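Coordinates in review
Residues per chain, in single letters:
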Amino acid sequence: MQLLQYLASRIVAYLAVLFIGVTITFFLPRLMPSDPIEGYIAQMQNQAGQTITPEAMDALRIQLRRLYGLEGSLVEQYFNYINKVVLQFDFGPSLYSYPRPVAEFIWTALPWTLGLLGVSIVIAWVIGNFIGLLAGFFHNSRFATTLEVVGVVLYPIPYYILALVLILQFAYIWQWFPLSTTIRPGPLTWDKVSAIIYNSFLPAMTLILAGFGWNILSMKALAFATKEEPYVVFARLKGVKPRRIMTRYVFRNATLPQITALALSIGTIFNGALLTEILFSYPGLGLLMRTAIGSGDFNLMYGTIIVSIFSVATAAFVIDLIYPLIDPRIRLR
Amino acid sequence: MISLNELVATYTTVRGSVRAVDGVDLSIPEGNIVGIAGESGCGKTTLLKVIYGDLTYPLALEQGSVNYGFADGAGREVDSASIQAYWFQRISYIPQSSMSSLNPVIRIRKQFVDFLEPKANKDDTLDRVRQFIQQLDLPPEALDAYPHQLSGGMRQRMMVALATFFQPDIILADEPTTALDVVVQKGILLLLLKLQRQMGNTILFVSHDMGVHYQISHRMIIMYAAKVVEYGESPDVFSAPLHPYTRMLIESLPNIGDDHLRQGVSGRPPSLWDDLRGCRFAARCPLATELCRQEEPPLVEHRPNHFAACHYAGDVIPTLELPA
């Protein structure tokens, strides 16, 4: 019963986040003082002069409004937008590569971003926390200090510097990995999978190294603090083996804030991924977003932003759902 | 019989090492409940740690030894260097902060057996534990709970169950009832007494509460500034204390019906960093003389089984009245 309550409250929060995100995305451009349609028509008039009749101009205005979803009052537009975007996943055609629908671009780009991010977040979290656990648990051994230095050195490096250094070293000087991602479309064969791994290795590496440092440092601090908790001291006095104390007592407890931190940082990691995709010309959502902004493709912008909101909110939601499995106390709330 | 032989235990700090237990030398007969009392920082907990054999940095046993009165498989006397192998089998520990001494994210039954070697049959042990905890007024299902699902009193009884299940020879309890309200406290103490009578273990019991000591202890150890100042059978210690400090501690206890102001022990214990000469209590003792300030009194058996470290214990003190 308590579990159901927990579930219900999480789902409500999740839907609320989505709703607010989608609504802001709708209203923000409409708060701008300029009307994109009138701007476009004024531009047409400047270029074509008097050759277009007022009737043709009006017809064009109506067509454009329909295309952009700008017909009717603000409320009508809003419900129309919710209906199309949320329920039908229809963002209209791309303006830049008219008439291919935006959804098509998104469906091609999304797996790339999800794959890259999913793998690198999991690896950075697991390895970073494992190193942090060792460093915190054996805090007075030299080996632990060395591990901690890895975190101290990695953590403050700005992401773009780290990424550029890796590109320079591994792709330009040593040429172990490609400078930019090139994968031919086609069926998913073994060759293609290995090509994907080969192309994604360096971008994933930069994300892992960037996420690493923070995980090491915070887990080190948490493990060190948890080690002094009365239940850990008591476990030692019971004669529990050190390895079991590390896993069952220190890790199980120190990992809880780390999971919360992961849920909270998913958004930041997503932002980082935009930069990765631009730096590596990686064909994901980030690159698509940049293309959309660069070419003024409003529909594509809407699409990519809404899918980003959806992905980040869903990831945080899933972590929230996992949490009660790890912390039994959560069910009481 | 547990013998503590000239124990000196030190803590290593940045200022150097400090003696938290300084020359404790006494023996405790089997099957006794021994109360240890004294002010904060007098070395009670450190003494328990030394006896338990929990000698981890910064605590170290500088000199002396503990004999537990039993031998290992090879017939050698077990001492504080080898007692660790018998933790929770022959010697167990009820910690100071027992309320938070259970891992919050693991079911209690796992914490009951996770120190057993893999060869031990855990399911079988758990069945016996389920039987056992019913004696302690705990429902068998309490084993399957997480710590937060139990009340403070139940958690404390669980700690007592954990410490007594394997019927250890020695149980060390470091203020096991401090965090509990008096009703629950009484229940826990009676439980501990009942189990001790059944099993006949030796219990070393640290508490600030002289009232609790009076209720349950067979023998009393009074500590002051890292030293034992008085040791004897509880009735003797409470009815005829030999050391002025013990006397003042007992004087400070309230009696029902007696409503005049209690006299506390004024002042503070000396810092263990100071150059300690003479009797450590001299600065606060209303009876101190030049001899007390110059020469340290040894722990002497003034009456049968009643030891005190005071130059004037024995014949002189009982005739002197403490100034009101």
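Residues numbered from 1 in each chain as written. Chains lettered and ligands numbered in written order. Predicted model: local features only at pLDDT ≥ 70, side-chain atom pairs only at ≥ 80, totals over all residues.

Quick look at the domain arrangement of chain A now. When the parts of a complex come together, some accessible area is lost, and that lost area is often taken as the interface size. For chain A, the domain assignment lists domain 1 (34-76) and domain 2 (102-332). One C-alpha centre belongs to domain 1 of chain A, the other to domain 2 of chain A; they are set 46 Å apart. (Domains from an automatic or database assignment.)

Let us now look at the nonpolar core. Counting 144 residues, the largest nonpolar core has A:Val250, B:Ile36, B:Leu172 and B:Val229 as the members making the most contacts within it. Looking at this core, the element that brings in the most residues is helix H5 (residues 102-137) of chain A, giving 14 residues. Look past the residues within four positions of B:Val229 in its chain and what remains in contact with it is B:Ile222, B:Met223, B:Tyr224, B:His243, B:Tyr245, B:Thr246, B:Phe281, B:Ala308 and B:Ala309. (Core = buried A, V, L, I, M, F, W, Y, C linked by C-beta atoms within 7 Å. Buried ≥ 20, exposed ≤ 12 C-beta atoms within 10 Å, placed from the backbone. Helix = DSSP H or I, 4+ residues; strand = E, 2+ residues; numbered from the N terminus. Contact = placed C-beta atoms within 7 Å.)

Let's shift gears to the interface of chain A and chain B. Counting residues at the interface gives 16 residues for chain A and 18 residues for chain B. If you list the elements that add at least two residues to the side of chain A that touches chain B, you get helix H9 (230-238) and helix H10 (242-279) of chain A.

Residue and element names in this part refer to chain B. In spatial order, the strands read E5-E6-E7-E3-E8-E9-E11-E10; together these 8 strands make up an open sheet with mixed pairing. Among the strands making up the open sheet, the edge pair consists of strand E5 (91-94) and strand E10 (300-303). Each strand axis lies, on average, 20° off the axis of its neighbour in the sheet, ignoring direction. In terms of strand pairing, strand E9 (residues 227-233) meets strand E11 (residues 306-308) through 3 bridges, oriented antiparallel. Its bridge partner being in E11, Glu-230 is matched across the sheet by Ala-308. Across the sheet, helix H4 (residues 152-164) lies against E5 and strand E6 (170-174), angled at about 170° from E5, the strand it touches most. (Pairing = 2+ DSSP bridges. Axes fitted to C-alpha atoms, helices over the stretch in contact; angles between N-to-C directions.)

Residue and element names in this part refer to chain B. The antiparallel open sheet is built from 3 strands, whose spatial order is E2-E1-E4. The sheet is open, and its two borders are formed by strand E2 (16-28) and strand E4 (59-67), each paired with just one other strand. Across the sheet, the axes of successive neighbouring strands diverge by a mean angle of 5°, strand direction being ignored. Summarising the sheet, strand E1 (residues 2-13) and E4 pair through 7 bridges and their orientation is antiparallel. Looking at the pairing, Leu-4 lines up with Val-66 of E4.

Residue and element names in this part refer to chain A. Packing of H9 against H10 brings their axes to within 10 Å, and their N-to-C directions diverge by 155°. With respect to each other, H9 and H10 are oriented roughly antiparallel. Considering only the axes of H9 and H10, their crossing is right-handed. Counted together, Tyr-231, Val-232, Ala-235 and Arg-236 of H9 and Ile-245, Tyr-249 and Val-250 of H10 form the full contact between these two elements. (Parallel < 35°, antiparallel > 145°, perpendicular 65-115°, else oblique. Left-handed = near helix turned anticlockwise from the far one by under 90°.)

Here the focus is helix H8 (residues 190-227) of chain A. Helix length check: H8(A), at 38 residues, gives a terminal C-alpha distance of 46 Å against a target of 56 Å (1.5 Å per residue), a shortfall beyond 12%. Most pronounced at A:Phe201, the bend in H8(A) amounts to some 45°, and the proline A:Pro203 follows within four residues. (Expected span 1.5 Å × (residues − 1). Bend = angle between axes of the 7 residues up to and from the residue.)

Take helix H3 (residues 54-68) of chain A next. For the α-helix, the turn length of 3.6 residues means that residues three or four positions removed from each other point alike. In this model H3(A) runs 21 Å from its N-terminal to its C-terminal C-alpha over 15 residues, within 8% of the 21 Å that 1.5 Å per residue would give. Among the 15 residues of H3(A), 0 are classified as buried, and the element is accordingly described as predominantly exposed.

Right, let's talk about the confidence of the model for chain A for a bit. Across chain A, the average pLDDT comes to 85, with 98% of residues at 70 or higher. Within chain A, helix H2 (residues 36-48) of chain A has the poorest average pLDDT of any element, 76, and H9(A) the best, 92. (pLDDT = per-residue confidence, 0-100.)

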